[in-house]
Amino acid sequence: MGAMAEIRLHNTLTGKSEPFVTGHPGEVRMYTCGPTVYDYAHIGNFRTFVFQDVLRRFLQLRGYRMKQVMNLTDVDDRIIAKAAAAGVSIREYTEKYAQAFFADCATLGIEPPEHWIRATEHIEEMVGLIERLRAKSYTYESEGSIYYRIAKFPDYGKLSKIDVSGIQAGARVDVDRYEKESARDFALWKAPKPGEHFWETRIGPGRPGWHIECSAMAMRYLGETLDIHTGGIDLAFPHHENEIAQSEGATGKPFVRFWLHAEHLLVEGEKMSKSLGNFYTLRDLFAKGYKPSTIRFLLASVPYRKQLNFTFDGLQQAASSVERLRNFAARLRQEKFPAGEQAGFAARVRRAEEEFGAGLADDLNTAQALAAVFDLVRETNSAMDQGQFRQGGVAAAAAFLAKFDRVFAVLADTDAEKLRALGYGAESAGPGDAEIEALVAERNAARKRRDFAASDRIRQQLADRGILLEDTKDGGVRWKRK
Ligand code: AMP
Ligand code: ZN
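Residues numbered from 1 in each chain as written. Chains lettered and ligands numbered in written order. Predicted model: local features only at pLDDT ≥ 70, side-chain atom pairs only at ≥ 80, totals over all residues. Heavy atoms only, no water.

### Overview of the environment of aspartate 176
Relative to the assigned elements, aspartate 176 resides in the loop between strand S8 (172-173) and strand S9 (185-190). Each C-alpha atom, one on aspartate 176 and one on phenylalanine 186, is 8.2 Å from the other, the two residues being 10 residues apart in sequence. If near-sequence neighbours (up to four positions away) are discounted, aspartate 176 is found in contact with Asp76, Asp77, Lys190, Gly209, Trp210, His211 and Pro238. A polar atom in the side chain of aspartate 176 sits 2.9 Å from the side chain of lysine 190. (Helix = DSSP H or I, 4+ residues; strand = E, 2+ residues; numbered from the N terminus. Contact = heavy atoms within 4.5 Å. Polar contact = N/O pair within 3.5 Å; in protein donor to acceptor, adjacent residues only side chain to side chain.)

### Some points on the coordination of the zinc ion (ligand 2)
Around the zinc ion (ligand 2), the protein contributes the donor atoms Cys33 (SG), Cys214 (SG) and His239 (NE2), at 2.0 to 2.2 Å from the metal centre. Along the chain, the residues that donate to the zinc ion (ligand 2) are spaced as C-x180-C-x24-H. Of the two residues, cysteine 214 is situated in helix H5 (residues 210-222) and histidine 239 in helix H6 (residues 236-251); the sequence distance between them amounts to 25 residues. According to the relative accessible area criterion, cysteine 214 is buried, its value standing at 1%. The exposure class of histidine 239 is buried, given its relative accessible area of 1%. (Donors = N, O, S within 2.8 Å, 3.2 Å for Na, K, Ca; no water. Buried < 20%, exposed > 50% of the residue type's maximum accessible area, 1.4 Å probe, protein only.)

### Considerations on the site of ligand 1
In the neighbourhood of ligand 1, 18 residues make up the surrounding shell, with Thr36, Thr48, Gly232, Asp234 and Leu265 lying closest. A distance of 2.7 Å separates a nitrogen atom of ligand 1 from a polar side-chain atom of threonine 48. Protein chains bury 95% of the 500 Å² of accessible surface belonging to ligand 1 in isolation. Elements supplying a minimum of two residues to the shell around ligand 1: helix H1 (43-61) and strand S11 (226-232). Its residues assigned to classes, the shell around ligand 1 shows 5 nonpolar, 9 polar and 4 charged. (Near = heavy atom within 4 Å. Areas by Shrake-Rupley, 256 points an atom, 1.4 Å probe, with all protein chains shown as cover. Nonpolar A, V, L, I, M, F, W, Y, C, P; charged D, E, K, R; others polar.)

### Some thoughts on helix H2 (residues 77-86)
Among all positions in H2, only Ile79, Ile80 and Ala83 are buried. Considered in projection along H2, the buried side chains sweep an arc of 100° and stay on one side of the axis. Where H2 is buried, its residues touch helix H3 (90-107) and strand S10 (207-208). The opening residue of H2, the one whose side-chain oxygen lies 3.0 Å from the backbone nitrogen of arginine 78, is aspartate 76. One or two residues past the end of H2 sits glycine 87, with phi positive at roughly 65°. (Arc of directions from axis to C-beta.)

### So, the sheet that holds strand S15 (residues 308-309)
One open sheet accounts for 3 strands, arranged S14-S13-S15; its pairing is mixed. Two strands bound the open sheet, and with one partner strand each, they are strand S14 (270-271) and S15. As paired elements, strand S13 (residues 265-267) and S14 share 2 bridges and run antiparallel to each other. What sits directly across from valine 267, in S14, is glutamate 270. (Pairing = 2+ DSSP bridges.)

If you want it as structure tokens, here you go:
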């Protein structure tokens, strides 16, 4: 093995790509802003969540132990208003979407973080943090709400690089989400509104502003300085800027070493978002017959700091990329190659592995990592076709694919199973590997006993479901998806 490439990550705080270092040897403490559970998440949201999963899986591949927290924002302006309009409690309103989010993550192969937590279960921590800020005069009250005084925090703006010099002291903003132009003192705690849910607490009745939850929960589970904090680029301002102001104001210590932000998924040049109405949920795409692995591959294949333009053509290409990899893996499993070693093959696989690792180590350049995989697959397929590939190369190639899949997680054909679990006709996904291999074995048995009617029937059944059988020279059978 060659030397492993040093991991470098682009830090929004410094605007540079930097060597990755952690505060505790061998461990990565990472906080991920989770979804606001007022509706189903769309695939733009999942672009960001898949990026985080690829990051976490790559760090684990490099031997790090993860300590990741993801929150569910189950209290914010939109949720409170929607729950009140529906006449139900916050928990009742959000639970359905929280469960849908967990199911969607599992379907996309997103590993559960070590802590998946709800904002509403951490009101006490938020109150405690606001008290800490109050004791250091970072706060003031107005009409029952508590605000953060940004003029007291000279570093305000350092993440998003906004200029706050023109901001009038005491000008406030009450909504949770706002643009850079409206940078103002923001609400840590909001006075109750008639007909809306509130909490009785030591700092008075009310509800938390959106930003305080992430500071309070991150520090509760990960300590006062985290290694990595991630989110979509839209969260850099105001959300993450405010998190820094809250956390560093309270502790006087750096809150986060590496801020990583994913660029948006676009549809026809615009951000995919609920408010623009140009969004697809996973369920929308499954209903159109797309598979979980296709969507995961598409989302993971574009490096996270590049915008990803969503098209159905792109989905189609992702589907055929996954098929190419699965067919190659199946070929390694099924074919019998001549014994021995193909000259240079072991070194060729090592080079692919190095390129794969170097791509990911370079700020998670998934496109470069994938190119290393597909180059090897293409060359090896043609060596196999030309009879040059040898049985001795199978283990190394399979081990490399397994490594690839620890990060990309698309090889195992669990699409049909997953779709079935969500209540979709699994037909759209076609049969899974295990089912195909069982049918192929059945057909082999029929051929052995010279029951050609049965063997033809199974061949036809498979063909109808998009699986082709080819008889190989050595008298075996190989299958592939059309
Ligand atoms: P939200 O539920 O609005 O808090 O968003 C959940 C996550 O999805 C956040 O990290 C957002 O930054 C991210 N996000 C929202 N829209 C997009 C998009 N079109 N592309 C990529 N990430 C997005
Ligand atoms: Zn957050």
